[in-house]
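Take a look at the letters that make up each chain.
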Amino acid sequence: MILTGKESRVPLLFSWLLNAAYAVAILISPPWILWAAVRHGKYREGFAEKFFGRVPRRHGDKLCIWLHAVSVGEVNLLEAIISELATRDVDCQLFISTTTKTGYDLACRKYAEHAVFYCPLDFSWATASACHRIRPDLLILAELELWPNLIRSAKSAGASVAIVNGRLSDNSYRGYRRLRPLVSRLLEKIDLIAAQDEETAERFQMLGATTESVYLTGSLKFDGVETDRANSRTAKLREQFGIAPDEVVFLAGSTQAPEEAYALEIYRKLAAKHPKLRLVVVPRHPERFDEVAQLLDQSGVQYLRRSQHEQSEIRIPNSAIILVDCIGELGAWWGLANVGFVGGSFGSRGGQNMLEPAAYGVATCFGPNTKNFRDIVAQLLKAQGACIVQDRGQLESFVRRVLEEPDWAQQLGKRARQLVLSQQGAVRSTIDLLLPL
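Quantities reported herein were computed from a predicted structural model and do not represent experimental measurements.

Next up on the list: the overall build of the protein chain. Per the secondary structure count, the protein chain includes 20 helices and 14 strands. Taking 437 residues into account, the globule formula puts the C-alpha radius of gyration at 22 Å, and the protein chain, at 23 Å, falls close to it. Nonlocal contacts in the protein chain, meaning residues at least 24 apart in sequence, comprise 70% of its contacts between residues at least 6 apart. Taken as a whole, the protein chain presents about 19500 Å² of accessible surface, with 52% of it coming from carbon and sulfur. Charge separation in the protein chain, taken as the distance between the mean sites of 52 positive and 48 negative side-chain charges, equals 3 Å.

In C-alpha cells:
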C-alpha cells in the first residue's frame, strides 16, 4: 500500500497518482477475484459506497464518530468501544463502516440502530464524498488501516483521526519500513495511536509516529470477550440444541481445511469410548459452509446445520454433531465448549482469536502457526492457560487428555480465564484518550 505525506501539503497530483495506482491494481487483479464477485457476491455489494462514497448522509449537528472495522474480528471489537461510550453517556451519532461482506452483514445485525455501510475505496473522490456526507468529528480506525486518501479527506473535513487496538504484524512492519519517509509523514498526522502492546508502540514510533500520539493501552480483545457461561445467548443455544450439563462439547472454531476433517476423525475415534462427547464445527469463511457440509455428508454421520434452525425458537432434535454455518455466533458457542481447538493455525493463515474460549475457561489448544496472535499466545502459554498441538495426532491426544483428566482440563481453563480477567481495562483507557479528540 502506498502512503502519502502530510495531509495538508499533499499535492493534488500525488493524490491522483494514488488513484491511478489503485485503478491499475484493480485492473490487473487475479481472475479469482472476479470469479468470487460473480460466484459469491463478495466484492460487488456496496458499489456506490465503495467507488463513489455514496454513504449514508449525516443529518443535524450532533457529535459524529465514524468507526471503521475491516471484517468480522474488528466489527466484534467495536462492541466494547460502543458500549463504553454509551456507559459514559456520550451523546453522539455513530457511523460504522466495514470492508468485507461478512463484516458488513455482522455489523448490520449487531449495530442496526446505527448507520452501517461499506467503506469507500481509497480513491480521492470517494473518500472526499464520504467525508462530505458524514462530516465526522472523529474517525476511528480499528487495528491498522492506513489509507492515505481516507485519512487526508477526514483531516480536510476537520476530523481527528485515531487508531485503536493498534497492531503491526512482522510483515506489515517490514513493508512499512521500506516506505518509511512516506509512512512517517502520514503517521505524524494521526492524532492518537492506542497500541496493543509495547512492541507495537515502539514500532509505530520507529516508523515516524510522534511520541505524544502513541499510547500503550493493551488489547481491546481482552475487554471485548464474554466471560460468563450463563450469558443469555449461550444459555439459549444450550436449551435450543439440548446440550446437557454432563455432556462434553468439543468445539473446532474458525477452521480452515483440513481442520474440520481432523476434528471429525478425532470425534469419531473417541466417541465410542466417550458417548457424552459432542462435536461443534464452525468454519471461518461462509463460502466453505457447503464444503464442510459435504464433508460431513460423505462421512455418513448425522449432523445438524445451524442455518436450518437459525430462526427457530423451539428445541431442536438432539444431534451429536452441529455445523454452525452462520456468522457472528461463535462467541456464544464457545460458552458451551469444554475442549476447544482454535482454527487457522495448522495452515498459513496465522491463527484466529483464542481469547474467546480462554475467557470462558475452555481447555484450549491451537496449531503451531499463530503469528497473527503472537503476543496473546505468548501470554497464554506463559500462564499455562493453553496448549500448542503440532499436528492431527497431538490434537487427538489433547482432546483425549481433556476427556480422561477433567481436573487437568479444568485447571488449564481456569488459568486462561484468570489471565483474561487480569488484562481487562484497555477499553476504559482507550475511551479516556479518545474523548478529548
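For the rest of this paragraph, the subject is unusual backbone geometry. Residue P258 is reached from A257 by a cis peptide bond, and omega for that bond is 5°. Within the secondary structure, P258 is located in the loop between strand 8 (248–255) and helix 13 (259–271). The phi dihedral of R135 is positive, around 55°, even though this residue is not glycine. For S254, which is not glycine, the phi torsion reads 55° and is therefore positive. Examined against the element boundaries, S254 turns out to sit in strand 8. On the accessibility criterion, S254 (11% relative accessible area) is buried.

Attention now goes to the pattern of salt bridges. Tallied over the entire structure, the rule returns 27 salt bridges. A salt bridge links E45 to K101; the shortest N-O distance between them is 3.5 Å. Highlighted residues: E45 in the loop between helix 2 (31–40) and helix 3 (47–52) and K101 in helix 5 (residues 101–110), separated in sequence by 56 residues. The exposure class assigned to E45 is partly exposed, which follows from its relative accessible area of 28%. With a relative accessible area of 24%, K101 lands in the partly exposed category.

Note that Y118 resides in strand 3 (residues 115–118). Here Y118 falls in the buried class, since its relative accessible area comes to 2%. Spatially, the C-alpha atoms of Y118 and A154 are 16 Å apart, while their sequence positions differ by 36 residues. Excluding residues that lie within four positions of it along the chain, Y118 makes contacts with E45, G46, E49, K50, V55, S97, T98, T99, T100, K101 and Y104. A polar contact of 3.0 Å, which involves the side chain of Y118, links it to the side chain of E45.

Let us look at the sheet that holds strand 4 (residues 138–142). Strands sit in the order 3-2-1-4-5-6-7 across an open sheet of seven strands; the sheet is parallel. Each of the sheet's edge strands pairs with one partner strand only, and the pair in question is strand 3 and strand 7 (214–216). Averaged over all adjacent pairs, the angle separating strand axes in this sheet is 20°, with direction ignored. With five bridges connecting them, strand 4 and strand 5 (residues 160–166) associate as parallel partners. Residue A142 lies in a different strand from strand 5, and its bridge partner there is V164. The sheet strands contacting helix 4 (residues 72–87) are strand 1 (64–68), strand 2 (93–98), strand 4 and strand 5, and the helix crosses strand 2 at an angle near 170°.

Let us now look at the pairing of strand 8. Within strand 8, seven of the eight residues are buried, leaving the element largely enclosed by the surrounding structure. Chirality of the crossover, the property in question, places the unit of strand 8, helix 13 and strand 9 (residues 277–283) among those that are right-handed.

As a further point, take the nonpolar core. One recurring pattern in soluble globular proteins is that nonpolar side chains are buried together. F241, L251, V280, W333, M354 and L380 are the most contacted members of the largest nonpolar core, which has 36 residues in total. Within the residue set of this core, elements represented by two or more residues are strand 8, strand 9, helix 15 (330–334), helix 16 (355–360), helix 17 (374–382) and helix 19 (406–423). Listed in part, the 34 residues of the second largest apolar core include A130, L146, A154 and L168.

Spatially, the seven strands line up as an open sheet ordered 10-11-9-8-12-13-14, and their pairing is parallel. Strands with a single pairing partner mark the edges of an open sheet, and in this sheet they are strand 10 (304–305) and strand 14 (387–388). Bridge count for strand 8 against strand 9 is seven bridges, and the pairing is parallel. Note on strand 9: the bridge partner recorded for V249 is R278.

Rules and cut-offs
- Residues numbered from 1 in each chain as written.
- Predicted model: local features only at pLDDT ≥ 70, side-chain atom pairs only at ≥ 80, totals over all residues.
- Heavy atoms only, no water.
- Helix = DSSP H or I, 4+ residues; strand = E, 2+ residues; numbered from the N terminus.
- Rg over C-alpha atoms; globule rule 2.2 N^0.38 Å.
- Contact = heavy atoms within 4.5 Å.
- Areas by Shrake-Rupley, 256 points an atom, 1.4 Å probe, with all protein chains shown as cover.
- Lys, Arg positive; Asp, Glu negative; His and termini not counted.
- Charge placed at Lys NZ, Arg CZ, Asp CG, Glu CD.
- Buried < 20%, exposed > 50% of the residue type's maximum accessible area, 1.4 Å probe, protein only.
- Salt bridge = Lys/Arg side-chain N within 4 Å of Asp/Glu carboxyl O.
- Polar contact = N/O pair within 3.5 Å; in protein donor to acceptor, adjacent residues only side chain to side chain.
- Pairing = 2+ DSSP bridges.
- Axes fitted to C-alpha atoms, helices over the stretch in contact; angles between N-to-C directions.
- Right-handed = clockwise from strand over helix to strand, strands pointing away.
- Core = buried A, V, L, I, M, F, W, Y, C linked by side-chain atoms within 4.5 Å.

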